[in-house]
Every structure is written in C-alpha cells, then in structure tokens.
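Coordinates in review
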Amino acid sequence: MVDINNYVIDLKEKDLNIEKIGGKALNLAKMSSSGFNIPSAFIVSVDAYDFFIKKELTGKISEILNSIDFDNEDSISHGCSSIRSLIKSEELPSDLFLEIHNKIINLPEGYYAVRSSAVAEDLADASFAGQLDSFLYIKNEDILKNIVDCWASYWNDRAVKYRHDSSIGHLDTEMTAAGIAVLVQKMVNADISGVTFTANPVNGNNHIVIESTWGLGESIASGIVTPDIFVLSRDGSIVEKNIKTKNQGYFLRNCENTLISIKEEYRDKSSLNEKILKKILETGIELENFFGVAQDIEWAIEYESNGSNKDGKLNKNETKSPNIYILQSRPVTTLTDDSEKDDILWTRAYGDEYWADATTPLFYDVMGKMLTDYVNHEGARIMGYKEITDTKLLKLHKSRVYFNSWVLEKTFSYYPKFARSKELLNYFPLEDQERISQYPSILHKTLLSQILVAIRDPDGMMHRTDKAYRKWAKKFMEKCAYFDKTDLTVLSDAELSLLYNDIETSGIKHYQLIRYGMVSHSIATNLMIKNWLVKWLDDNDGSLYAGLISGLEDNKTVEMNIKFSDLAKIIRENQDLLAKINSINDLSSLNETEINELIDSNLNFKKDFELFIQNYGHRSNTREILYPRWREDKSYVLEVIKLLSSSDLDLRKKEVESRENRFKTEKEVFQRIKKQKGGFFKAKLFGVVLNLAQTYLTFRENQRFYLDHLLFRQRLMLQEMGRRLMIKNIVDETGDVFFLYEKELFNFFNINPSKVELNEKIPLLPDKILKRKKEFYRYKSSLPPKFLKNGIEFDDTVMEYGKNAIYGAAASPGIFKGVVRVVESIEELSHLEDNEILITSNTDPAWTAVFSKIGGLITETGGILSHGAVISREYRIPAVTAVKGATELFKTGEELVIDGNEGVVYKKE
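None of the values given here were measured: they were computed from a predicted structure.

If you tally the helices and strands in the protein, you get 32 helices and 26 strands. Considering the protein as a whole, with its 909 residues, one finds that 57% of them fall into the buried category. Across the protein, contacts joining residues at least 24 apart in sequence account for 71% of those joining residues at least 6 apart. Total accessible area on the protein is roughly 39,500 Å²; 50% of this is exposed by carbon and sulfur atoms.

If you walk through the whole model with that rule in mind, you get 34 aromatic pairs. Where Y469 meets W472, the ring centres are 5.2 Å apart and the plane angle is 50 degrees; that geometry is what we call tilted. Remark: W472 and Y469 occur in helix 17 (residues 465–483); sequence separation between them is three residues, near one turn of the helix. Using a relative accessible area of 4% as the deciding quantity, one classes Y469 as buried. W472 gets classed as buried once you look at its relative accessible area, which sits at 10%. Linked through ring pairs, Y469, W472, F476, F564, F612, Y616, W630, Y636, Y696, F699, F705 and Y706 together constitute an aromatic cluster.

Take the confidence of the model for the protein next. The predicted coordinates should not be examined in detail at positions where pLDDT is low. When pLDDT is averaged along the protein, the result is 84; 88% of the residues meet or exceed 70. Per-element mean pLDDT across the protein ranges from 51 in helix 29 (residues 755–761) up to 97 in helix 17. In this model, residues 173–177 is a region of pLDDT below 50 whose contacts with residues beyond four sequence positions or in other chains number 15 contacts. Contacts for the low-pLDDT stretch residues 306–313, under 50 throughout, to residues beyond four places or in other chains number 23 contacts.

The next thing to look at is the pairing of strand 15 (residues 394–397). Here strand 15 runs beside strand 16 (residues 400–404); their pairing, made up of four bridges, is antiparallel. Bridged to L396 within strand 16 is V401. The antiparallel hairpin formed by strand 15 and strand 16 contains two residues in its connecting segment, where K398 sits at a positive phi of about 50 degrees.

All right, on to the sheet that holds strand 22 (residues 837–840) then. Within the open sheet, the eight strands sit side by side as 19-26-25-21-22-23-24-20. Their pairing is mixed. The strands lining the two open edges of the sheet, one partner per strand, are strand 19 (805–807) and strand 20 (809–812). The average angle at which neighbouring strand axes cross in this sheet is 30 degrees, direction not considered. Of the strand pairs in this sheet, strand 21 (residues 815–822) and strand 22 are connected by three bridges, and their pairing is parallel. Bridge assignment links V820 to a residue of strand 22, and that residue is I837.

Moving on, we get to the pattern of salt bridges. Using the criterion set out here, one finds 39 salt bridges in the structure. Among the salt bridges present, the one from K246 reaches D228, with a minimum N-O distance of 2.8 Å. Here K246 is found in the loop between strand 9 (238–242) and strand 10 (248–253), whereas its partner D228 is found in strand 8 (residues 228–232), with 18 residues between them in sequence. Taking the shortest distance from any N to any O, the salt bridge between E742 and K369 comes out at 2.9 Å. With a gap of 373 residues between them, E742 in helix 28 (residues 742–746) and K369 in helix 12 (residues 361–383) connect regions that are remote in the sequence. Judged by its relative accessible area of 10%, E742 is buried. Connected via shared salt-bridge partners are D493, E720, R723, R724 and K728.

On to the sheet that holds strand 3 (residues 112–118). If you trace the five strands from one edge of the open sheet to the other, you get 1-2-5-3-4, paired in antiparallel fashion. Two strands lie at the open edges of the sheet, namely strand 1 (8–10) and strand 4 (134–138), each paired on one side alone. When the angles between neighbouring strand axes are averaged without regard to direction, this sheet yields 25 degrees. Strand contacts of helix 5 (residues 94–105): strand 1 and strand 2 (41–44), with the helix running at about 40 degrees to strand 1, the strand carrying the most contacts.

To continue, consider helix 24 (residues 603–616). Across its 14 residues, helix 24 extends 20 Å between first and last C-alpha, which sits within 8% of the 20 Å expected from 1.5 Å per residue. Buried within helix 24 are the following residues: F605, F609, F612, I613 and Y616. The buried residues of helix 24 occupy an angular sector of 95 degrees when projected down its axis, which confines them to one face. Pointing more than 90 degrees away from the buried face of helix 24 are the exposed residues L603, N604, K607 and Q614. Buried residues belonging to helix 24 abut helix 21 (556–572), helix 22 (575–582), helix 23 (592–599), helix 25 (634–645) and helix 27 (679–727). Where helix 24 begins, one side-chain oxygen reaches toward the backbone nitrogen of N604, 3.2 Å away; that side chain belongs to N602.

To continue, consider the nonpolar core. Judged by nonpolar contacts, the single largest core of 109 residues is most densely connected at L371, Y511, F605, L718 and L745. In terms of residues, this core owes the most to one element, helix 27, which gives twelve residues. In this structure Y511 touches Y354, M367, M370, L371, Y374, V375, L707 and L710, once residues within four positions along its chain are discounted. In terms of nonpolar packing, the next biggest core, distinct from the first, is built from 45 residues, A48, I76, A159 and V160 among them.

In this structure, E99 sits in helix 5. Despite its burial, E99 pairs with no opposite charge, the nearest such side chain being K103 at 9.2 Å. Of the polar contacts made by the side chain of E99, one reaches the backbone nitrogen of V8; its length is 3.3 Å.

Positive phi, close to 60 degrees, is recorded for D554, a residue that is not glycine. The class of D554 is partly exposed, set by a relative accessible area of 25%. With phi around 65 degrees, N835 is a residue other than glycine that occupies positive phi space. You can see N835 is positioned in the loop between strand 21 and strand 22. Overall, N835 belongs to the partly exposed group, its relative accessible area being 47%.

Attention shifts here to a nonpolar patch on the surface. A grouping of L447, L448, I451 and I455 is seen on the molecular surface, where their side chains present a nonpolar patch of about 410 Å² in accessible area. With respect to the helices and strands, the residue L447 is situated in helix 16 (residues 443–456).

Another point: the packing of helix 5 against helix 6 (residues 143–153). In a pair of packed helices, the angle between the axes and the distance between the axes together describe the arrangement. For the pair helix 5 and helix 6, the least separation of the axes is 10 Å and the interaxial angle reads 125 degrees. By the angle between their directions, the pair helix 5 and helix 6 is classed as oblique. Of the residues in helix 6, those touching helix 5 at L96, F97, I100 and I104 are I143, L144, I147 and W151. Counted by class, the contact of helix 5 with helix 6 contains eight nonpolar, no polar and no charged residues.

Criteria and cut-off values
- Throughout this description, residue numbers start from 1 for each chain and increase along the sequence as written.
- Per-residue local features are limited, in this predicted model, to residues with pLDDT of at least 70; the limit for side-chain atom pairs, both in listing and counting, is 80 or more; totals at the level of whole chains, interfaces and linings are taken over all residues.
- Each side-chain value is worked out from all heavy atoms of the structure, with water and hydrogens disregarded.
- Numbering of helices and strands starts at the N terminus; helices are DSSP runs of H or I of at least 4 residues and strands are runs of E of at least 2.
- Relative accessibility decides the category of a residue: with a 1.4 Å probe and only protein chains considered, values under 20% of the type maximum give buried, values over 50% give exposed, and everything between is partly exposed.
- Contacts: residue pairs with any heavy atoms within 4.5 Å of one another.
- Here the Shrake-Rupley method, with its probe set to 1.4 Å, supplies the accessible areas, and only the displayed protein chains count as covering residues.
- Pairs were defined over the aromatic rings of Phe, Tyr and Trp, the Trp ring being its six-membered one, requiring ring centres within 6.5 Å. Orientation was assigned from the angle between planes: stacked under 30 degrees, edge-to-face over 60, tilted for the rest.
- A score between 0 and 100, pLDDT records how confident the predictor is in each residue.
- For two strands to count as paired, DSSP must find a minimum of two bridges between them.
- For every element, the axis is a line fit to its C-alpha atoms; helices are fit only across the contacting stretch, and the angle between N-to-C directions ranges from 0 to 180 degrees.
- Counted as salt bridges are all cases of a side-chain nitrogen of Lys or Arg within 4 Å of a carboxyl oxygen of Asp or Glu.
- Helix span, expected: 1.5 Å multiplied by one less than the number of residues in the helix.
- As used here, the arc belongs to the directions running from the helix axis to the C-beta atoms.
- What qualifies as a polar contact is a pair of N or O atoms within 3.5 Å, subject to a donor-acceptor requirement within protein and to the restriction that residues adjacent in sequence count only when both atoms come from side chains.
- Here, nonpolar core means buried Ala, Val, Leu, Ile, Met, Phe, Trp, Tyr and Cys residues that are tied together by side-chain atoms lying within 4.5 Å of each other.
- Note that His is not counted, nor are the chain ends; the positive residues are Lys and Arg, and the negative ones are Asp and Glu.
- Residues forming no salt bridge and having over 30% relative accessible area are the ones grouped into patches, like charges within 9 Å of each other and nonpolar side chains (Val, Leu, Ile, Met, Phe, Trp, Tyr) within 5 Å.
- In what follows, roughly perpendicular refers to angles from 65 to 115 degrees, roughly parallel to angles under 35, roughly antiparallel to angles over 145, and oblique to any angle outside these ranges.
- Under the grouping applied here, Gly and all other residues not named as nonpolar or charged are polar, the nonpolar ones being Ala, Val, Leu, Ile, Met, Phe, Trp, Tyr, Cys and Pro and the charged ones Asp, Glu, Lys and Arg.

Right, here's the structure in full:
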C-alpha cells in the first residue's frame, strides 16, 4: 500500500528497504549511514511511481504489454515507445506533485543527478546497469521533468525485454522485484572519476582493479577514452599499471556538461597519484567488507577548484586533500559465488522426474534431508554402494533442485547396459551419454546388493515393498486423523516442536520405501518390459507398452480425476448451478463464505464436493509447501470443475475403456510371445515382470498421494511456527517462515536454544528472507539451465532435423495435429480449449484432471516415467517430453504435429 505523504525520502533515514527505494538508493543509504562519503541526496520512492502508474495507467499499460510480440524487436520497440509517451504525457496527481515540488524548491543551487533506482537493480545476479536512464547536471527547475523521464525509462526496450526474459513482473510491485524509485543527488564537480573492482571481473582473482580518467565518469561509460588501469594486490603493491592517453574528457564548462580536449601536459599523465590510489584501494576493501561481497564501485574526486577552464587545462590544487565521493557500489555481477565452486556436475534433469517445482529454502531442507539421509545414504549403506554413502546429493540453485550426476552415474553402473535407456541417459550431458551407456556393469555387486537388502531391509525386496508401503500408509492415515483433531494454536512451542518431530519421524518410512519402489523397482521393471516389447514384438512406437500400463486399478490420481469429472457432470446436468458457476469470471476471488453459499445451492453437489475435499483436500497444484492445499483454497477445485463442465467427457467411462484396452493388449501380447521360440517360458517371465511393472507404476502415483498427506501436516505446523515468529516481530508475515532454512527456524523452537546466538541472528533474518524471496519469485516461472558445474550453467543443444522438426523424448504414443496452448502456470489452465496441444514446463497431479480435454502434451522436462507421461498414456494422449525451451519455441495459436511415437514435434510449414 502507498504511504500518503511519504513519496519523498531522505537518504539518511533509517530502516529503509529495497521495495521502497530500489537497489541503488538502498546501497547509498546503507553506505551513508555507515560513514562513507556520499553526496547528499533524496529519493522519490517506489510508492510514488506505483501511485502514479496505478492511479490512471495500469489498464492502458497492460493492454499495450499484451499486444507485444517479445520475439519481434519492432513490436517491442513500438509497444515500449507507446508506454513511455503515455507516462510523459500524464499529469501527476496533485498530492504527489506537491510533495516532490516542495522538496525541490528547498534544494540549494547547483547541479543534480537524477538516476533510476529499480527494485531489481544491483541484485547479485540481476544487474540493470546501463538499462535505465540517468540524467546528469540537471538544474533545480528541470528535476521534476527528469524524474518522470526516469519513470519512463523503466519502459525502454532493453529493460522491458530483460524483465520479460527474467520473469520479473512489469506491474506487480508487490512480489516480483518490479518497480522503480528515483534518486536525486547533488552532482560532484569531478576532477577525476573512475571505478574500483574489489575482485578482478575478468578472471575472478583477488586483485583490486581501479580504472580512472580526468573529469566525469561519463568519459569512461561512453567509451570516448580508455581509462588508466591499475591492478593492485590487497597490501597496496602495484601488480600492473597501464597509463593511457586521455585526449578528451567531460567537464562542467559554462554550466554545461561538455566534452573538451585535455591539455597536452595531462594527456599521458597518470590520473591518480600513489596517495590517492592507496586511499581508493582502502575504501574499496572497506566497502567489500561492509557488503560482504566483491564490489563494483563508482567514485569521483573533487578538489577545491573547478574542474576545468576554457582551455581544457585542469585546475587542481593538489596540495589540498581531495574529497573522494562514493557514487554507487554494487556486487561484481560477472563473478561466480564461491559456494557454487564445488567441481561437481549437477543435473536438473533427474529432479524434473520427481522434484520439478520451484523450491523454497525451507522445503529444500524438509524434503531434501530425507532424500539425502534415507533414500541416498542409508539406502546405499544397506545395498553396499560404498562410493555414495556420504556424498552430497542435492543443490538448490535459482530455486530449483539439482542432483549430483556422479551419484546417479555410480548408481547406473549397477544397472545392466540394456536398462540405460535414452530416457535415463537424458539426465546427463550429451557428451557423457555414450560413455555412461557403455560403462561396465557391476552385475556381481547388483546381485550382492539384493542379498544385502533381503538381510538388512526385507521390506526393500521387490515382492514386499508395495505391501509394506500400503501397511505404512494405513497406519499413517490413522495418525493424520488424530493430528487433525489437534488445535495447534494452543500448544506450547515445545509441544509444537515435539509434534512436528513425531509427524516427520512417522514419514521416514515413506522415504525408506520409495528408495526401492521408485528408484529401482519401478525403473527396472518398466525398462525391462519396454525393452522386451521392442526386442520380441517390434514395439518401436511404444503403443503396446502404453496399452499394458494404462487402466490400472487403484491409481489415486486417476480416481481423483474421476471424482473431478463426476462433480463436473453434476454441474453440467443442473442448469441453475451451471449458470451460477459460469456467471463468476474469477472463482479464485471468492472467500470461504461465498464458496459455501455457492455450493449450498445444490445439495447433491455440496455432498460430493465436501467428500472430495475430505479425500483430496491435502493435495495442491504443486508439492512446494509454500502454497495452500485445496482444503485451504477450495476455489481452485471449483475452477477445475468449471473447466471440465464445459466438456461432455466422462472420465469414469473413459477409465473403463482404458481398462478394457489393457485387457485386450495383454491378451494380444501374451499370444504373440507364446508363438515365439521358448515362448512359454518367455510369457511366464514377462507376466511376472509385467505384474511388478504395473504394481510399481501405481506405486509411483500413490506414494505422491500419501506424501501430500505428510507435507500438508508439516505445512500446517510450519505455518503455525511462522505465525508465532510474526507475533514476536521476528518475521514480517507468516509466509516468511518458508524462506528460512530448517536450522534457522528450529533455533526458535529448540527446547534449550542459545539466547546469545538467537539475539545475534535475529537482526540478519529480514535481509536474508527478502533476498531469498526475490530469488524464488524471480525464477519460479522460468526454468534454469539443465546442468551446473562450478557455478557455470549450460544446456544441451536443441537437436533439429529439417528446419521444422524438434526432438524430445517419446513419452506416450500416437500422432496428433492441433492448435497449441502454452500454459506457464496452473492458473492459465482455465483458458484451455478442447483438443488443444498443452505445452508447459512440467505437470503435476493437480493438472491431470484436464488431460481429458487435451489432444496432445509437450513438456520441457521429464521422461517416460514422469507424471505427465504416465497420465498421458493412461488417457492415450500423444506426448513428447524433454523438449528444451518448448514454452518459448512455440506460441499459443500456432499449429503443430506431435509425434509421440518418435518423440518429435513438427512445426507447420
């Protein structure tokens, strides 16, 4: 919300935050309050810009943004020009105008810099340097006009394209690093200007690099001179010194910023003497220590006299101590964080199969430690995989979970070569896939591992894991029923902590069983079936395989989708209820009371809807525990039902057809196998493995159903902890708890916490939370590169044959031609029309109720056992997964041919 009469903020005010004054101004404010020499300044806050835009212009700007084709430079240029013109022509609201005007008329005479300070500016990896406008040597009477010009520059072509490509909201100033403040600062009448890098921006070493020239820094920024370059060690000794010829420079001449020729005696002279050089170095190191990261610092030096005379001869009184002003300081954006330098190849591809959502720090710990401790380390110890019993498994990078590829590679060495399918090899870079496919199999260790499992953990044996999981699930549901009767708000902190530990401990068995059911049993049996079908029955397009693993009994996701369909059918057959539902454009805007009034209007619908929430209310659109579950947000369930009510598809009937098709396919497959040499024994073996493959495909889907139960209860307790931290003013809002790491959070709920340690850490939390939130919201809608090593990101090349064909992975057989619908978030599913090709980053069980409407599926992530692939085969929808950049390559409305047999997508000629 806008703070009335707080549009103008003095740089020296305390407790300023980035959302109010932007990155550049915040840095200056921090430096000023800590004693660094900063020219006097004030800020026109983000609230002012927000108020100005939202007062009259939001709708008009949104309309222009929606018309821009971001792949067309002319379209971007035309749209941005229209927005800038709109902003410059709009009259300022009176109260905003008066507050800024009153500040300006009280300024001392002189010249001012009017500079943008964007919220996303100067973030560690999102520098906006050079993208937004700055205006130098502005007279008092022109400051207001230039403030508006700065606002308009937020909409220049480069900045708009940058925000679009970085998934930063243009108008959403609440959460996604959007918005702009304007910094108005007294100009330094500079004799010398320059920049200091406290780490070499080229090679990242520890040397200090200083560049300097005569006059204003614009001489360097505009490229009219090559500055003097000094490379120094941290003790001040000069490693390298390169004095350049500086023929011209920008100076104040006749009250204007003017490019003039430098007097000949100064052209080849060093712009910095040793004394000043040392002082600049010391200041640079102080700033690096202050911010805790290598800095890119702009500075200016002003002597007593003016910067130039009519001859262009420098007038400096070098006997006087110069004033060294810090103009701005920001992180060196070209450097890699040392925490990223671990010499491990990290892959996002494996995470795409199981953990593809954008991930908060708390959820990374909540589930990550379980996968590391029980799926990886404990499982490896039991099976005798000594090489990977204590290796780091996971990494959180740009809000995505990456897996250690070496751990995966060593695990695959225990697989027979035929099991190293294209889908599994896709977890690795192209250059490594051939080597890994030919990696010697350690079959004797594979056999030994199964013997060790039988001895050390009998529930891990293939014929027992599913039964053991069902037994655990039944007991866990009883615990959940007891938990749901507990009022968390009346528990003491210690009691809440103990309850959390109890639920978490009860969930360990889930992870201990999925390490077998998902990681080995499901993959191994399904790859064996797929391989035999190709080898024995030439099932190269995967149609027989798809038929055998669809229509399976007791699939919780399919059962959920059928219930969705049943609810949609009730609406479709009741005209009054249908009219009421369709009359509400945005069901998500309804509160709990309004939702109850709506469903109360039809008793049959009310009964089934409440039963649905009772059975599936623990589920969500994503596994990430930051987001509400359906029991907390019933409007989403209504949105899906409304969407399905527009189609006459009956999923109950369709599931019966899938089951009949499976019976028919099984009969055909067994008949054909029995006709082959050794067919009787092949059929027997095939039948046993097929039964296990089907069992563990169902296991894959159902384990997610029960994991959602576990995560829902954990979310409720973590929210309660967040509420208590908010009451104590430790965090600003309940949801901030999800941007803490577990250790940080449980320090507050430990029975015997160290008060000294807590008191030291509390002041640091708001800044940490803000930084993590900005990173999460910035990357939540964009997919970072597939691989990471030593902080360097890289992707495989998109493979093409013919100019209109793009490879992915064959996930569900069939060929379909249709119109594309690109969906970047689940909220956009409401736009989906019947028989469109759905293109998205990845799918989730919450998405699959609408699979009955689509004609084909293309995802950027996943393989044959990913959720989207499994459900596509269930509904016999052609699907291609692992199409890199699909949401960017294809556009809503264009026609494609999707070939799920070969894993190829064809663009229309």
